[in-house]
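Descriptive analysis of the structure
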Amino acid sequence: MLPYIIIGDLKIPIFSFGLSIVFLVFLFLCVKSAEEKGLGENTGIEISLLISFSTIIFSKVALGLIYGWKISSILKFWETGHSLFSALIIGTTIIFIYSKIKKLDFYELLSALTYPTFFSLSLYRIFVCLPTGCCYGFPSRFGITFSPESYASRDLGVSVAKLFPSQIIEAILFFICGMIMYFKRKDKAENNIQLFLLLLTLERIIAEFIRRDIKEKIIKAGDYGISVWLILSVLLFSATSIYFNLLKPYIKSFGEKMKENRTKIFKISAVALLLFSQLVRCSDKKSNIDLSAVENTLRSAFSLSYTSLFISYIFLKIKGFLGSCIYREGENKIVIDCEFDIRILSAGKIKTKGTCNFSSFQNSITFSNCEIQMSGTNFYGEITGNTTLKGESDVYIDNATVYVIKSLYSNFTAEIIETKSSLVSIQGESTRIFKIGGKMRTEKTEISAENIFLLDEGTARIGIMINGSVSVKVCGNFKLDVKTENFVYFDEQGCPYGSAEINGEKIYFSAKELYTENKNTSSPCRGEKSECPFLYF
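Read on for an overview of the structure. These figures come from a predicted structure and were not determined experimentally.

**A short note on the packing of helix α7 (residues 114-132) against helix α10 (residues 189-210)**
- Close contact between α7 and α10 brings their axes to 10 Å; oriented N to C, the two are set at 20°. When the interaxial angle is binned, α7 and α10 end up roughly parallel. In contact with T114, T117 and F118 of α7, α10 contributes N192, F196, L199 and L200.
- Class assignment of the residues belonging to the contact of α7 with α10 gives a composition of four nonpolar, three polar and no charged.

Structure below.
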């Protein structure tokens, strides 16, 4: 195991050569992950470069402070002696600063780098640590003999000793962690970050038992012990979990209460909604209406109907293209490889690929266990689940999940359950009216609606008309009976334009205000991000 590549009189440090390989792989994975998260190729390139150079140059600082190294030794980044946890702290700081400057979601960006980090650490152990002899294991007759110039030989003073290849074991562990994070990459960002720290802690526990180069042990028992790095890993994972699961919800709730207390308008209807979770009629038979609840009801109804319509169009296209670019594979399966025009997306042609189990009976066709990928300009999404088409215009979505990983407006996961979408009217060449009723889950929010009419004008402009109850759980926990005489439209922030009737009282929505016959107020939709979903592809 030589620490140099020798070409004639030229000696190239293995560290530099191996680090170049690791950097290129890290760069490629960061770009791939950032694009998949909808953060863009440039984000992946920039953040990988910033993290790589900052961690290589400064990750020796912690060890230098512990052992009292000279500044000149600390700055020799081309030599071994780097600290993984120093690199993680420096890298996280860089990500935080970068996300603030670029106005990106810090947690999403951090989550995007989880599996690239593990795969890169795996390669680092193979291409850097193993050839140079750092992170070495205990003496073993099944071990590896390192070069006299290696870190292990210089540290132990024995050039012929065989040492257990802990670097290879750690590389395997990091690779397994990377695979777990890769398959979990579509989970919520906060869950990904916690899982990353948990896997890192478990890997460190194993490393403490197979490595003999760890000198920063604060608790010792013979040849074994607990290092400051393991304790730091446990504390980091614990603190992160406590923050995400306990402190963050409390801080968010407290902040919202403080904001409500500072508002100039005292909303009696908000108190009524909090106490009774429904609209309350006053003794003078005039309704005290929580205007924000009405807006959130409309937003949620739009999200349900819009997502249902998107799934409906996909499966109606699949049915229409059977026999052309959608092929039967045996009797019970189809293979999809087409380009569709999807009316509600401004993404041009949508490349659609995947498979479904296929069955037909009389005038109905069932697509089950579907796995479909869709990509277009500024759009990438996936659909899984079961859907049945009846006749020419009825789509029954038994259970289908939509993963929108990249879009102009939002990234989300939505599950449609027991929902019926029917084309009830075609007006002219471009206008379609659908009738929709059913349920949807997005993250922790559940929406159900009895009767929604959706107006698709063949552009991004979508309107809804509601006649019945809409129930929203978790984000607002309310159920309202809504009637809209005309279609209500929405802007890109999810704020409605139009009017609705609640308990006989009409509410009008404009660009900046909500108003009734009895009162005016500024719209709670504008200027604040609502907790209730607004899914706009």
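**Points about helix α9 (residues 166-183)**
- Given a rise of 1.5 Å per residue, 18 residues ought to cover 26 Å, and the 26 Å separating the end C-alpha atoms of α9 matches this to within 8%.
- Within α9, burial applies to S166, Q167, E170, A171, L173, F174, C177, G178 and M181. Around the axis of α9, the buried residues are gathered within 165° of arc, so they sit on the same side.
- Contacts made by the buried residues of α9 are with α5 (84-102), α7 and α10.

**Some words on the pairing of strand β18 (residues 462-473)**
- The buried fraction of β18 is high, at 10 of 12 residues.
- The pairing of strand β17 (residues 445-456) with β18 spans nine bridges and is classified as antiparallel. Of the residues in β18, the one forming a bridge with I452 is I466.
- Pairing analysis gives two bridges linking β18 to strand β20 (residues 488-490), with the strands arranged antiparallel.

**Observations regarding the state of the cysteines**
- By the definition in use, this model includes two disulfides.
- There is a disulfide in this structure between C356 and C370, and the S-S distance comes to 2.1 Å. Linking C356 and C370, the disulfide has an S-S dihedral of approximately 125° and is accordingly described as right-handed. Here C356, found in strand β11 (residues 349-361), pairs with C370, found in strand β12 (residues 364-376); they are 14 residues apart in sequence, far enough to count as distant.

Rules behind the numbers
- Residues numbered from 1 in each chain as written.
- Predicted model: local features only at pLDDT ≥ 70, side-chain atom pairs only at ≥ 80, totals over all residues.
- Heavy atoms only, no water.
- Axes fitted to C-alpha atoms, helices over the stretch in contact; angles between N-to-C directions.
- Helix = DSSP H or I, 4+ residues; strand = E, 2+ residues; numbered from the N terminus.
- Parallel < 35°, antiparallel > 145°, perpendicular 65-115°, else oblique.
- Contact = heavy atoms within 4.5 Å.
- Nonpolar A, V, L, I, M, F, W, Y, C, P; charged D, E, K, R; others polar.
- Expected span 1.5 Å × (residues − 1).
- Buried < 20%, exposed > 50% of the residue type's maximum accessible area, 1.4 Å probe, protein only.
- Arc of directions from axis to C-beta.
- Pairing = 2+ DSSP bridges.
- Disulfide = S-S within 2.5 Å.

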